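# Architecture and fold: a report
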Amino acid sequence: MSKTAIFFATGYEEIEALTVVDILRRAGEEITMVSVTGERRVTGSHGVEVTMDKVLPEVNFGETDVIVLPGGMPGTKNLEACGALMEQVDAFMKAGKTVAAICAAPSILGHRGHLNGKKACSFPDMEAELAGADVRQEPAVIDGNIVTGRGMGAAIPFGLAVLEKLQGKDAAEEMAGKIMYRG
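Everything in this summary refers to the structure shown in the same document. (Residues numbered from 1 in each chain as written. Predicted model: local features only at pLDDT ≥ 70, side-chain atom pairs only at ≥ 80, totals over all residues. Heavy atoms only, no water.)

The next thing to look at is the sheet that holds strand 6 (residues 66–69). Taken in spatial order, the 7 strands make up an open sheet running 5-2-1-6-7-11-10, and their pairing is mixed. Both edges of this open sheet fall to strand 5 (54–55) and strand 10 (140–143), since each of them pairs with a single strand only. One ladder, built from 4 bridges, connects strand 10 with strand 11 (residues 146–149); its direction is antiparallel. What sits directly across from Ala140, in strand 11, is Gly149. Docked against the sheet, helix 3 (residues 83–95) engages strand 1 (3–8), strand 6, strand 7 (98–102) and strand 11, running at close to 130 degrees with respect to strand 6. (Pairing = 2+ DSSP bridges. Helix = DSSP H or I, 4+ residues; strand = E, 2+ residues; numbered from the N terminus. Contact = heavy atoms within 4.5 Å. Axes fitted to C-alpha atoms, helices over the stretch in contact; angles between N-to-C directions.)

Shown next, in the form of structure tokens:
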């Protein structure tokens, strides 16, 4: 199984973040919830506080296969302001490792030049931030090593798209059936 790290900053969108955690753990993937705040507990954009598995300095990126960036405000801005995380996003992109982002968070990839010539989606208000992308209005898009999602209402299709990237289309379809999702 792959090792996935999902990064939480103050103001993350709870459903986007935790849906991915849930779907991947159900599928047997190893997923680590990581705080970029330096604290083990991180509060989301709607006041939900969650205890993380690790704080950023504890992550071994050499043993991590996937980075997931949930959206939310100001969560997305707080993720983007984390220099150490942005260095890793750039390194993952350069190495062709999987990076997934949903809602406002795909804008981070656009700002960093990682969406040039790629199909991607984001929250509609953030589409102008997807510099160089072929912007789609789909719930979730996979293009090479990048997975993007549109927003909270697309959290399940996004989580299933990340699972598809890791385990294949059949595994994602099987999971969709198990969780009674019919998109």
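Back to the write-up after that little detour.
Residues Met73 and Pro74 are joined by a peptide bond in cis, for which omega reads 10 degrees. Following the sequence through the fold, Pro74 ends up in the loop between strand 6 and helix 2 (75–80). Unlike most non-glycine residues, Cys103 shows phi in positive territory, near 70 degrees. For Cys103, the position within the fold is in the loop between strand 7 and helix 4 (106–111). You can call Cys103 buried: its relative accessible area is 11%. For Met180, which is not a glycine, the phi torsion comes out positive at approximately 65 degrees. With respect to the element layout, Met180 can be found in the segment after helix 6 (169–178). Of the residues examined, Met180 reaches a relative accessible area of 66% and is grouped as exposed. (Buried < 20%, exposed > 50% of the residue type's maximum accessible area, 1.4 Å probe, protein only.)

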